[in-house]
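# Residue-level structure breakdown
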Amino acid sequence: METKQFKAESKRLLDMMINSIYTHKEIFLRELISNASDAIDKLYFKSLTDTSVGMNKSDFAIDLAVDKDKRTLTVSDNGIGMTEDELENNLGTIANSGSFAFKKENDLGDDVDIIGQFGVGFYSTFMVAKEVTVETKAYGSDKAFMWKSNGVDGYTVEPCEKQTVGTTITLYLKEDTDDEKYSRFIDPMQIQSLVKKYSDYIRFPIRMEMEHTHYHDDNEEPEVHKAVEILNSMTPIWKKNKNELKEEDYNNFYVEKFYDYEPPITHIHSKAEGLATYDALLYIPARAPFDYYSKDYEKGLQLYSSGVMIMDKCADLLPDYFSFVKGVVDSEDLSLNISRELLQHDRQLKIIEKNLEKAIKNELKKLMKSDREKYEKFYKVFGLQFKFGIYQSYGAANEMLQDLLMFPSSFEGKNVTLDEYVERMKEDQKDIYYACGESKERIEMLPQLEKVKEKGYEVLYCTQDIDEFALKVLLRYKDKQFKSISDADLDLDTEEEKEQAKKLDEENKDMFTFMQQAISDKVKTVRLSKKLKSHPVCLSSDGGPISIEMEKVLNAMPQNNGEKVKAEKALEINPEHPIFAKLKELFESDKDKLTQYTKLLYDQALLIEGMSIDDPVEFANLVCGLMC
Ligand code: ADP
Ligand code: MG
């Protein structure tokens, strides 16, 4: 009998498989089962239109069997089978197989992990078998053939005896070594758990004879029962209809599948047809996994292609700001053998991602409306993600995320959404005001807050470092601009007040110039304040891209390696405060003292802002000078 050689590129893949040190060699079983399922699919579809096939859906099955003495594992199906030519073409060459994608990826570097992540097809059997036979009889043919190979020396094809249509694949397992126990693949219990893990949702039954030993109380011999069992559950929960499922079913699946001990906050079950066909079942967890805020956390959804798991964590299906979402996506549009690199460019996958993103957003918005308490609980755990999302996407995610944001506010101390804020804005109010500080208490001490509150305007409290960065990217909401109460020009006054302030500013211009020069390395301007009510001074940002709050945050970051950023600041003096008259008096009579007062006022303003003063000793001396 003639031994035929594999095509060159098949040989390369085979070499890799035979010498694979990959630790999840078990995936060969998933490959064989999915091939069997594909073959059954083909005959099943035929049977739908062609009654001469003579098969019902319930007749189809995949049978597994082990032989401990011969060290063989057999996978049989009653699918469409292969003709002699098909045997040659399908198993002798890689050309038609999706494994082609694998080869392509492999050219980019030896990434063994892709063996596990993606289908690598029939040849993966050579990771565990020293010899493989394929006996097959094609539908419509009366001849059967056997393909046989040890992977190294090519293959043979010869006629064989086979009664029924379909394919039987037999693996002669390699000998056990210290590192690798191939005999686990002849242990029915282990095979059962592999089927559960990788092929649970194959829609045809996967059967195997299982042994159960019954022990008796007395010393009688234990009884061994043998029975054929179906190993897979066939219909995954996400393929079922929503009206068949109860909240409890959804929650049980979640807790089991994603190893959480708390039920999720909510789930999203969506089925789509059209541009992309898929079923998705997503969950929003109630708590963050312990490693959520660490580098170890891997986002992603479990990806299935027609019931076969092809990827445990498909990161491309979730944007970072929804990285907390767990779930599964099952699509017939995706090929089992798609490589990771190709997957990233897959149009279908992109469409699915976009759809899911919208579904998640809508579900969260719905939750916000229907169960505010639940949403707030969720927001407390994951809301930070949205702010980072806005900041990191430079505005691209604004639309998606802005309605999910919440901030505590000056009104009732409760969380308010941007929509709620805008809804209840005062008639004469132009902007959305926010204030930054490390806590609500700290913010409420800010001198600038007083006047805004007096106007009856609501102020958002930004207590997280990222807050102001996110708002600066957001820029506006429903055409209203965000304005920090520490901004240079808050524009709170009437025309008349403005006129008066301008006059006062002019009159005291020389004094302000003098004061600015006394602390010229610290502030850009000294000026009258329009936003202070009872406090004497405050610092405000004097234009420039970095606000005072951002200066604090940026300088506290470790990666800033010592380089300090600086906001452009203005020292603002309250003309209503008695200190103002005092300053004017000193400008006429005692310039030295005015210098000291200016330094003191600046230090005070720093302290109120929650920043540290540059020279505490000088500050103490100045205060003592006044006291003595
Ligand atoms: P893929 O499944 O991506 O096509 P494989 O290497 O797994 O790649 O299989 C190669 C080809 O061999 C399949 O496309 C199919 O035509 C054929 N084949 C494999 N197993 C079977 C089977 N059990 N029944 C019928 N055809 C099969
Ligand atoms: Mg395959």
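Treat the numbers as computed from the prediction; the structure is a model and nothing was measured.

Close contact between helix α2 (residues 27-49) and helix α6 (residues 188-199) brings their axes to 10 Å; oriented N to C, the two are set at 70°. As the angle between them shows, α2 and α6 are arranged roughly perpendicular. Relative to α6, α2 is oriented so that their crossing is right-handed. Of the residues in α6, those in contact with Ile27, Leu29, Arg30 and Ile33 of α2 are Ile191, Leu194, Val195, Tyr198 and Ser199. Of the residues belonging to the contact of α2 with α6, the class tally is seven nonpolar, one polar and one charged.

Okay, the sheet that holds strand β18 (residues 476-477) next. In a beta sheet, neighbouring strands pair by backbone hydrogen bonds and run either parallel or antiparallel. Strands sit in the order β17-β16-β19-β18 across an open sheet of four strands; the sheet is mixed. The two strands at the open ends of the sheet, each matched to only one other strand, are β17 (459-462) and β18. Here strand β16 (residues 432-436) pairs with strand β19 (residues 480-484) via three bridges, running parallel. Following the sheet pairing, Tyr433 is matched in β19 by Lys483. Packing against the sheet, helix α15 (residues 466-474) makes contact with β16, β17, β18 and β19, and its axis sits at approximately 155° to β16.

Our next topic: the pairing of strand β7 (residues 206-214). Pairing between strand β1 (residues 62-67) and β7: three bridges, direction parallel. Bridged to Asp63 within β7 is Arg207. Sheet topology note: the β7/strand β8 (residues 223-230) ladder contains eight bridges and is antiparallel. Considered in β8, the bridge of Met208 is made with Glu229.

As a further point, take helix α14 (residues 447-454). Of all the residues in α14, the buried ones are Pro447, Gln448, Leu449, Lys451 and Val452. Buried residues along α14 sit against β16, α13 (440-444), β17, β21 (537-541) and α20 (591-609). Looking at the residues trailing α14, positive phi occurs at Gly456, about 90°.

Moving on to the environment of Asn78. When you line up the elements, Asn78 lands in the loop between β2 (72-77) and α3 (84-92). With residues up to four places along the chain from it excluded, the contact list for Asn78 reads Ile40, Leu43, Met55, Asp59, Phe60, Ala61, Val165 and Gly166. At 3.0 Å, the side chain of Asn78 forms a polar contact with the backbone oxygen of Asp59. Of note is the side chain of Asn78, whose polar atom sits 3.2 Å from the backbone nitrogen of Ala61.

It is worth spelling out the packing of aromatic side chains at this point. Here the structure, examined in full by the defined rule, presents 35 aromatic pairs. The interplanar angle of 40° and the centroid separation of 5.7 Å between the aromatic rings of Phe378 and Phe382 together place this pair among those described as tilted. In this pair, Phe378 and Phe382 both sit in helix α10 (residues 372-392), four residues apart, roughly one turn of the helix. The rings of Tyr292, Tyr293, Tyr297, Tyr321, Phe322, Phe324, Tyr375, Phe378, Tyr379, Phe382 and Phe386 are connected pair by pair, giving a single aromatic cluster. Stacked on the ring of Phe514, the Lys or Arg Lys591 has its end atom at 6.0 Å from the ring centre.

Of all hydrophobic cores here, the largest spans 73 residues; its most connected members are Leu303, Phe322, Tyr375, Phe378 and Phe386. Counting residues per element, this core draws most heavily on helix α9 (residues 347-370), which supplies eight residues. Each of domain 2 (237-373) and domain 3 (406-484) gives at least three residues to this core. For Tyr375, the residues in contact, after removing those within four places along its chain, are Leu364, Leu367, Met368, Phe386, Leu404 and Met406. Ranked by size, the runner-up nonpolar core spans 64 residues in total, among them Ile33, Val53, Tyr155 and Met309.

What follows is about the domain arrangement of the protein chain. Taken domain by domain, the protein chain comprises domain 1 (8-230), domain 2 (237-373), domain 3 (406-484) and domain 4 (495-627). Taking only C-alpha atoms, the centre of domain 1 and the centre of domain 4 are 78 Å apart.

Within the sequence span of helix α7 (residues 247-257), burial applies to Tyr250, Asn251, Phe253 and Tyr254. For α7, the arc enclosing every buried residue in end-on projection is 160°, short of the 170-degree limit, so these residues lie on one face. Seen from the open side of α7, the exposed residues pointing more than 90 degrees away from its buried face are Glu248 and Glu256. As for α7, its buried residues are in contact with β9 (266-272), β10 (278-284) and β13 (326-330). Following α7 by one or two positions, Tyr259 adopts a phi angle in the positive range, close to 50°.

The next thing to look at is the side chain of Asp542. With respect to the element layout, Asp542 can be found in the loop between β21 and α18 (548-556). Among the polar contacts made by the side chain of Asp542, one reaches the side chain of Thr525 at a distance of 3.0 Å.

Ordered in space as β20-β22-β21, the three strands form an open sheet in which the pairing is mixed. Edge positions in the open sheet fall to β20 (525-528) and β21, since each of these has one partner strand only. Across the sheet, the mean angle separating the axes of adjacent strands is 30° when strand polarity is ignored. Strands in contact with helix α17 (residues 509-518) are β20 and β22 (569-573); relative to β20, the strand with the most contacts, it is inclined by about 145°.

With the rule as written, the count across this model stands at three cavities of 30 Å³ or more. One number sums up the size of the largest cavity: a volume of about 80 Å³. What lines the largest cavity is simply Cys436, Leu446, Glu468, Ser484, Ser486, Ser541, Ser547, Ile548, Glu549 and Glu609. By residue class, the composition of the lining of the largest cavity is three nonpolar, four polar and three charged. Two domains each put at least three residues into the lining of the largest cavity: domain 3 (406-484) and domain 4 (495-627). Of the voids in this model, the second largest cavity is the one considered here, and its volume is about 60 Å³. Every residue lining the second largest cavity is listed: Cys436, Gly437, Glu438, Arg442, Leu446, Glu549, Lys552, Ile608, Glu609 and Gly610.

Calculation notes
- Sequence order as written defines the numbering, with residues in each chain counted from 1.
- Written order determines the labels here, with chains lettered from A and ligands numbered from 1.
- Only residues with pLDDT of at least 70 get local features here, since the model is predicted, and only at 80 or more are side-chain atom pairs given and counted; chain-wide, interface and lining totals rely on the full set of residues.
- Hydrogens and waters are ignored; side-chain quantities use all the structure's heavy atoms.
- An axis is simply a line fitted to the C-alpha atoms; with a helix, the fit covers only the stretch in contact. Between two such axes, the angle follows the N-to-C directions and lies from 0 to 180 degrees.
- Strands here are runs of E lasting at least two residues and helices are runs of H or I lasting at least four, both read from the DSSP assignment and numbered beginning at the N terminus.
- Working rule for angles: under 35 degrees goes down as roughly parallel, over 145 as roughly antiparallel, 65 to 115 as roughly perpendicular, anything else as oblique.
- Rotating anticlockwise by less than a right angle from the far helix to the near helix defines a left-handed crossing, while the corresponding clockwise rotation defines a right-handed one.
- In this analysis, two residues are considered to be in contact whenever any of their non-hydrogen atoms come within 4.5 Å of each other.
- Three classes are used: nonpolar for Ala, Val, Leu, Ile, Met, Phe, Trp, Tyr, Cys and Pro, charged for Asp, Glu, Lys and Arg, and polar for all others, with Gly counted as polar.
- Any two strands with at least two DSSP bridges between them are considered paired.
- Type-normalised accessible area, obtained with a 1.4 Å probe on protein chains alone, sets the label of each residue: buried when under 20%, exposed when over 50%, and partly exposed for intermediate values.
- Side-chain atoms alone can form a polar contact between residues adjacent in sequence; in general such a contact is a pair of N or O atoms within 3.5 Å, and within protein one must be able to donate a hydrogen while the other accepts it.
- Stacked, edge-to-face and tilted are the three classes for Phe, Tyr and Trp ring pairs, Trp counted by its six-membered ring, which pair at centre distances within 6.5 Å; planes under 30 degrees apart are stacked, over 60 edge-to-face, the rest tilted.
- Definition used: whenever NZ (Lys) or CZ (Arg) falls within 6 Å of the ring centre and also within 35 degrees of the ring normal, the charge is taken to sit over that ring.
- Put simply, a nonpolar core is a bunch of buried Ala, Val, Leu, Ile, Met, Phe, Trp, Tyr and Cys residues held in one set by side-chain atoms that sit within 4.5 Å of each other.
- Start and end points for every domain follow an automatic or database-based domain assignment.
- An arc is given here, and it is the one of the directions from the helix axis to the C-beta atoms.
- Definitions used throughout: a 1 Å grid over protein atoms alone; a cavity as a set of points that fits a 1.4 Å probe which cannot get out; a pocket as an open set with protein on both sides within 12 Å along at least five of seven lines; a lining residue as one with an atom within 4 Å of a point.
- Grid points are joined across faces, edges and corners, and a volume is the space filled by probe spheres set on the points.

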